[in-house]
Amino acid sequence: MSEYAGRDGLDVTLDGGILHLRLNRPAKRNALSDEMQDALIAAVDAAGRDEAVRVILISAAGEHFCSGFDWVARNTGGSRGDRPRVGSIQRRLPAQAHRLIPLLLETQTPVVCRVHGWCAGIGLNIALAADFTVADDTTRFWMPFADRGFTPDSGATWLLPRRIGDVRAREMLLLARVVEAREATDWGMVHRIVSAAELDATVDDLVAQLASGATVAVGLTKWLINHGRETSLFDHHHNEAFALELSSRSDDFREGLAAFREKRDPEFKGR
């Protein structure tokens, strides 16, 4: 599919139900460019409609996951030498960073992030928006906005307080505090921290479990969790009834019941 075509700085491949999105700009610590953002948005959007995709894996080449957005290139004109006009930020953000983060949250396809090295700015927001983020013990998490003299974007002030609480979020957002890997686990910022040697195997096991799971039920459960934050219990119960109605009519539901009766592991097909 054309939606899964890679761009300069982003490798995109679909393999066995797993959509691999690999940041590949290591010389810039995988700082996102406009082209990388556009390609990420296109791929995640397409994956949410693609019956072949059962999990999205976001990873990165080189020593670091992502150092944020490449603001230096943007404000020096990049490869074309054209500096942006006044007002360009508020014109661009709704279609770029402020489109990417909601997509990661809203897609019913589970998202896994494999993180190492620096994870900063929009890179950290991608990790926070993923359903599971597994990082190695070299990882450092940073919201550098206060140290750079401008305000956060891409959902940082929404995601961090909900994930780690207001007090800790203020340390990161107002003081630009760098959080080391083990502390990030204690704060509930990430799913798991492992050694560098264990990172690939841990991520592979998690992705394989999700890719072989009951895809309809997993996706609807993700939807319930994310929408439940902003919904009354009364409305949330309606959403649960709706999700249960759909999931109980899936082939995987019938397989789950059969496996329970026959005392065996289920073989879900994602249908």
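Description of the structure in this document. (Residues numbered from 1 in each chain as written. Predicted model: local features only at pLDDT ≥ 70, side-chain atom pairs only at ≥ 80, totals over all residues. Heavy atoms only, no water.)

1. A look at unusual backbone geometry
Phi at Arg 29 is positive, roughly 50°, even though this residue is not glycine. The class for Arg 29 is partly exposed, based on a relative accessible area of 41%. Not every positive phi belongs to a glycine, and Asn 30 is a case in point at roughly 60°. Judged by relative accessible area, which is 0%, Asn 30 ranks as buried. (Buried < 20%, exposed > 50% of the residue type's maximum accessible area, 1.4 Å probe, protein only.)

2. Considering the environment of Leu 124
Counting through the fold element by element, Leu 124 comes out in helix 5 (residues 122-129). In the structure, Leu 124 is positioned 32 residues away from Ala 156 in sequence and 8.4 Å away in space, judged by C-alpha atoms. Other than its neighbours up to four places away in sequence, Leu 124 contacts Cys 119, Phe 141, Trp 142, Met 143, Met 172 and Met 189. (Helix = DSSP H or I, 4+ residues; strand = E, 2+ residues; numbered from the N terminus. Contact = heavy atoms within 4.5 Å.)

3. Regarding the packing of helix 5 against helix 7 (residues 156-164)
At a closest axis distance of 10 Å, the pairing of helix 5 and helix 7 adopts a crossing angle of 50°. Relative to helix 7, helix 5 is oriented oblique. In this structure, helix 5 meets helix 7 at a crossing whose hand is left-handed. In this structure, helix 5 contributes Asn 125, Leu 128 and Ala 129 to the contact, and helix 7 contributes Ala 156, Leu 159, Leu 160 and Arg 163. Tallied by class, the residues present in the contact of helix 5 with helix 7 amount to five nonpolar, one polar and one charged. (Axes fitted to C-alpha atoms, helices over the stretch in contact; angles between N-to-C directions. Parallel < 35°, antiparallel > 145°, perpendicular 65-115°, else oblique. Left-handed = near helix turned anticlockwise from the far one by under 90°. Nonpolar A, V, L, I, M, F, W, Y, C, P; charged D, E, K, R; others polar.)

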